[in-house]
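What follows is the residue order along each chain.
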Amino acid sequence: MPFIHQPSNSSHPSPNAPPSWAFMGTDTNLTVTVHPFTITSTSAPTNTTVNPAAKFFGDLLDRIHLPRWVIYAIFTAGGLLILICCLCICIKCCCKGKKKRQKNQDEQINLKGLNGKTTTALVQPDVSDDDYGSTKQLRGKMLYSLDYNANLSELTVGIKQANSLKAMDLGGSSDPYVKVYICPDKSKTCETKVFRNTLNPVFNEQFSFQLSKSSLLKSIVVMKVFDFNRFSKHEIIGELRVQLCSVDWNHVIEEWQDLAEPAKFEEENLGEICFSLRYVPTASKLTVVILEAKNLKSMDTGGSSDPYVKVQLALDKRKWKKRKTSIKKKTLNPYYNESFTFDVSFELIQRVNLVISLWDHDAMTRNDAMGKIFLGCDATGNQLRHWADMLSNPRRPVAQWHSLLSAEQVNSTLTLKKKIPVPSKLMENTQRWYSK
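All of the points below concern the structure found in this document. Being a predicted model, the structure only gives us computed values, none of them experimental.

1. Let's talk about the overall build of the chain
If you tally the helices and strands in the chain, you get eight helices and 16 strands. When the 436 residues of the chain are sorted by exposure, 30% land in the buried category. Counting only contacts in the chain whose residues sit at least 6 apart along the sequence, the fraction spanning at least 24 positions is 64%. Carbon together with sulfur atoms contributes 55% to the accessible area of the chain, which is approximately 29700 Å² in total.

Structure (structure tokens):
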């Protein structure tokens, strides 16, 4: 069957017109007409403006190789954490302000009972008002008595009883006893008997001390309460110190007093030492002249000592250089007049401490420390003033007397180390050698 293509003359065929294709002909001839058609698509214009911030955020999320739900979970957790931190800061500030307002209110409450018409609260405050808001650690109180017999030059100290002592044992109790002595002499120490498992012991013991009238005004009675331990060091509960110069000796003194925190170091009269200092910055020379000492503490059985002076320089809290004087036999008021010169540059003078100590020489046993002081920029009081006077008066010797302190007190303040400082250049060379 032949295929016949008939182009259409009209672009819009009529409804009654035959289709654009047809089979025409007989059984032997077939004609097919096909009209091509055109498909035209038209799209309406759309507004595709995108927010730059959203685009940046989307690009950032695309760069992170994590699922979107994981990223959103991380951001949510971070936001919650920041919110919790802000809430904690706000709560802390509110609590701090509330405590401050409460403290001011408490102070106003404590002052309610005070007015211009009465001084009872000032002389004898109420127990509840006195303890309210007190941060002082309560150690208990003790009843004691003092009596001085001028004819016999005898001081009698009575330890009556104690009340509400601090519990030192695990069972909530203590084994208290009292140790009594006189400062600064401390030639005699007395102790009461030990009371087991009690915080309210009744001692009723008296102790006598020979004390002249002149020494009475310079002395201090020390009463220390200890907790007895059989297999360990006895722990101190508290102490009382009474200056005898402030006591009215016209009648017997008997009173209660609260136990105080024990003094860290005993105040003893260890004597005095006189020396001069001279520093020359241009020559980098520090000269120390040990002149004399007086009223030293007797260390030998015969009531005397064999004192000598050790002069030591410490650099950056480490032992550096030392010298010592000659030994003066059997005297408590030695005279030396011996000079020592040290090379100290101007850069190091601010980092140097001068330690001067007195020692009692013993031929057969170890030498005993008699007293000690240190000078330098780390010192205080008269020692710091002497050091400052030396620096402000170069090339001029400055002499001064100093009261000796205990070696324990100076060592705890100065905290010297035994190792000698290594110079920086030597340290650098050592490090280079190890690096090779």
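2. A few points about unusual backbone geometry
Backbone geometry at Asn204 places phi at a positive 55 degrees, although glycine is not the residue there. Of note, Asn204 is situated in strand 5 (residues 202–210). Although it is not a glycine, Lys330 adopts a positive phi angle of roughly 50 degrees. With respect to the secondary-structure elements, Lys330 resides in the loop between strand 12 (318–324) and strand 13 (335–343).

3. Let's talk about the pattern of salt bridges
The final tally for this structure, using the stated rule, is seven salt bridges. A salt bridge links Asp316 to Arg351; the nearest nitrogen and oxygen atoms lie 2.5 Å apart. Of this pair, Asp316 sits in the loop between strand 11 (307–315) and strand 12 while Arg351 sits in the loop between strand 13 and strand 14 (352–360), placing them 35 residues apart in sequence. Of the residues examined, Arg351 reaches a relative accessible area of 40% and is grouped as partly exposed. Within the structure, one salt-bridge network assembled from shared partners comprises Lys224, Glu239 and Arg241.

Conventions adopted
Residues numbered from 1 in each chain as written. Predicted model: local features only at pLDDT ≥ 70, side-chain atom pairs only at ≥ 80, totals over all residues. Heavy atoms only, no water. Helix = DSSP H or I, 4+ residues; strand = E, 2+ residues; numbered from the N terminus. Buried < 20%, exposed > 50% of the residue type's maximum accessible area, 1.4 Å probe, protein only. Contact = heavy atoms within 4.5 Å. Areas by Shrake-Rupley, 256 points an atom, 1.4 Å probe, with all protein chains shown as cover. Salt bridge = Lys/Arg side-chain N within 4 Å of Asp/Glu carboxyl O.

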